[in-house]
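As a plain string of letters, each chain reads:
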Amino acid sequence: MQKRMGEAVARVARKVNDTVENKTDSLDLANCKLMTFPVGIYKAMRSVTEGIHHISLANNELKSLTGRFVTTFNQLRELNLAGNYLHRLPEEVTSLLHLRVINLSRNRFRRFPEPLAAVTTLETIDLEENEIVAAKEPASRFSAAGLEEDGRRWWPPRDEEVPTEKLATMASLRSLNLRANPVGPEVRLLVRPLVPFDLLLSPEEPVPKA
């Protein structure tokens, strides 16, 4: 165990050093067994952070991404976070004014990460194989049959898991991948020309016969 951890640390250090010494525009820390982004990297890369346009942290064990990471690497064009345990993104993501591609596939998102809807430069969002549905069911304290008020029946507003109206206004977005997510019928209505992007979904499962 300790040997494997030592090898992972050495691999991270080697990749960071290569990026700094060669002044490349990318940092690849995929498959490095990272549980958090190492804070020492901020200091090690402070002379080149403005030139980093591509970062991959795919296939690690990250449970969160900090605002410091986002504000440090604020010139990102592409961010690959696939294959982690993320369930939310920090609000600072909205400051990524050049981000074009983000890969969040194979994580733990239960709702669309709304900060992304404010990133106007995004062209590709990959959320395949998460746990995103269309909208929450009514809160448990309310009856599924609704509430009575002044002789009228009503249902409490539901929090959208996929902000369809906001997505429809993302002029740069070309592709949204929601395959292998349990999305509902509301999301399946997001088709061209109603929205300017391609929505990728898994085929609907047939309704079982009674």
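The structure displayed is predicted, hence computed values, not measured ones.

1. Describing the overall build of the protein
At step 1: What the protein contains, in helices and strands, is five helices and nine strands.
At step 2: In the protein, which comprises 210 residues, the share counted as buried stands at 40%.
At step 3: Intrachain contacts of the protein at a sequence separation of at least 6 include 52% that bridge at least 24 residues.
At step 4: Put simply, the protein shows about 12,400 Å² of open surface, and 52% of that area lies on carbon and sulfur atoms.

2. Quick word on the packing of aromatic side chains
At step 1: Scanning all chains against the criterion turns up five aromatic pairs.
At step 2: Ring geometry for phenylalanine 37 against tyrosine 42: centres 5.4 Å apart, planes inclined by 50 degrees, an arrangement best described as tilted.
At step 3: The exposure class of tyrosine 42 is buried, given its relative accessible area of 7%.
At step 4: Between phenylalanine 37 and phenylalanine 73, the aromatic rings sit 6.0 Å apart at their centres with planes inclined by 80 degrees, giving edge-to-face as the arrangement. One end of the pair, phenylalanine 37, is in the loop between strand S1 (26-28) and helix H2 (40-44); the other, phenylalanine 73, is in the loop between helix H3 (67-72) and strand S3 (78-80), and 36 residues separate them in sequence. Residue phenylalanine 37 shares its accessibility class with phenylalanine 73, and that shared class is buried.

3. Examining the sheet that holds strand S2 (residues 54-56)
At step 1: Spatially, seven strands are ordered S1-S2-S3-S4-S5-S8-S9 in an open sheet, and the strand pairing comes out parallel. Of all the strands in the sheet, the pair left with one neighbour each is S1 and strand S9 (198-200). For this sheet, the mean angle separating the axes of adjacent strands, direction not counted, is 5 degrees.
At step 2: Sheet analysis places strand S8 (residues 175-177) next to S9, joined by three bridges and oriented parallel. The partner of asparagine 177 across the bridge, within S9, is leucine 200.

4. Observations regarding the pattern of salt bridges
At step 1: For the structure shown, the criterion picks out three salt bridges.
At step 2: Ionic pairing is found between glutamate 131 and arginine 110, a salt bridge with its closest N-O pair at 3.1 Å. You can see glutamate 131 sitting in the loop between strand S5 (124-126) and strand S6 (147-149) and its partner arginine 110 sitting in the loop between strand S4 (101-103) and S5, a full 21 residues away along the chain.
At step 3: In this structure, glutamate 114 engages lysine 166 in a salt bridge whose closest nitrogen and oxygen atoms are separated by 2.8 Å. Of this pair, glutamate 114 sits in the loop between S4 and S5 while lysine 166 sits in helix H4 (residues 164-168), and the two are 52 residues apart along the sequence.
At step 4: Shared partners join several salt bridges into a network, and the residues in it are Arg111, Glu114 and Lys166.

5. Examining the environment of valine 162
At step 1: Mapped onto the secondary structure, valine 162 falls in the loop between strand S7 (152-154) and H4.
At step 2: Valine 162 sits 50 residues away from phenylalanine 112 along the chain, and the two C-alpha atoms are 5.2 Å apart.

6. Some details on unusual backbone geometry
At step 1: Although it is not a glycine, asparagine 31 sits at a positive phi angle of roughly 60 degrees.
At step 2: Along the chain, asparagine 31 turns up in the loop between S1 and H2.
At step 3: A positive phi is found at asparagine 59, a non-glycine position, where the angle reads about 60 degrees.
At step 4: On the accessibility criterion, asparagine 59 (32% relative accessible area) is partly exposed.

7. Details of the side chain of asparagine 107
At step 1: With respect to the secondary-structure elements, asparagine 107 resides in the loop between S4 and S5.
At step 2: Asparagine 107 gets classed as buried once you look at its relative accessible area, which sits at 4%.
At step 3: Within the local environment of asparagine 107, its side chain forms a polar contact with the backbone nitrogen of tyrosine 85, the two atoms lying 3.3 Å apart.
At step 4: Ignoring any residue separated from it by four or fewer positions in sequence, one finds asparagine 107 in contact with Leu81, Ala82, Gly83, Asn84, Tyr85, Leu86, Glu129 and Asn130.

Each value, and the rule that gives it
Every chain is numbered on its own, with residues counted from 1 as its sequence reads. It should be noted that, the model being predicted, local features are given only for residues of pLDDT at least 70 and side-chain atom pairs only at 80 or more, the latter also being counted only at that level, while totals for whole chains, interfaces and linings use all residues. With hydrogens and water set aside, each side-chain value is computed from the structure's full complement of heavy atoms. Per the convention used, a helix needs a DSSP run of H or I reaching at least four residues, while a strand needs a run of E reaching at least two, with both numbered from the N terminus. For every residue, the accessible area obtained with a 1.4 Å probe (protein chains only) is divided by the maximum for its type, and the residue is called buried under 20%, exposed over 50%, and partly exposed between those limits. Here, two residues are considered to be in contact whenever any of their heavy atoms come within 4.5 Å of each other. Residue burial considers only the protein chains on display, and all accessible areas are found by Shrake-Rupley using a 1.4 Å probe. Any two rings among Phe, Tyr and Trp, with Trp reduced to its six-membered ring, count as a pair given centres within 6.5 Å; such a pair is stacked if its planes are under 30 degrees apart, edge-to-face if over 60, and tilted if neither. Here the rule is simple: two strands pair whenever DSSP picks up at least two bridges between them. A fitted line through C-alpha atoms represents every axis, and for helices the fit uses only the stretch in contact; the resulting angles, taken between N-to-C directions, go from 0 to 180 degrees. We define a salt bridge as a contact between a side-chain nitrogen of Lys or Arg and a carboxyl oxygen of Asp or Glu at a distance within 4 Å. Two N or O atoms form a polar contact when they lie within 3.5 Å of each other; inside protein one atom must be a possible hydrogen donor and the other a possible acceptor, and for residues adjacent in sequence the pair counts only when both atoms belong to side chains.

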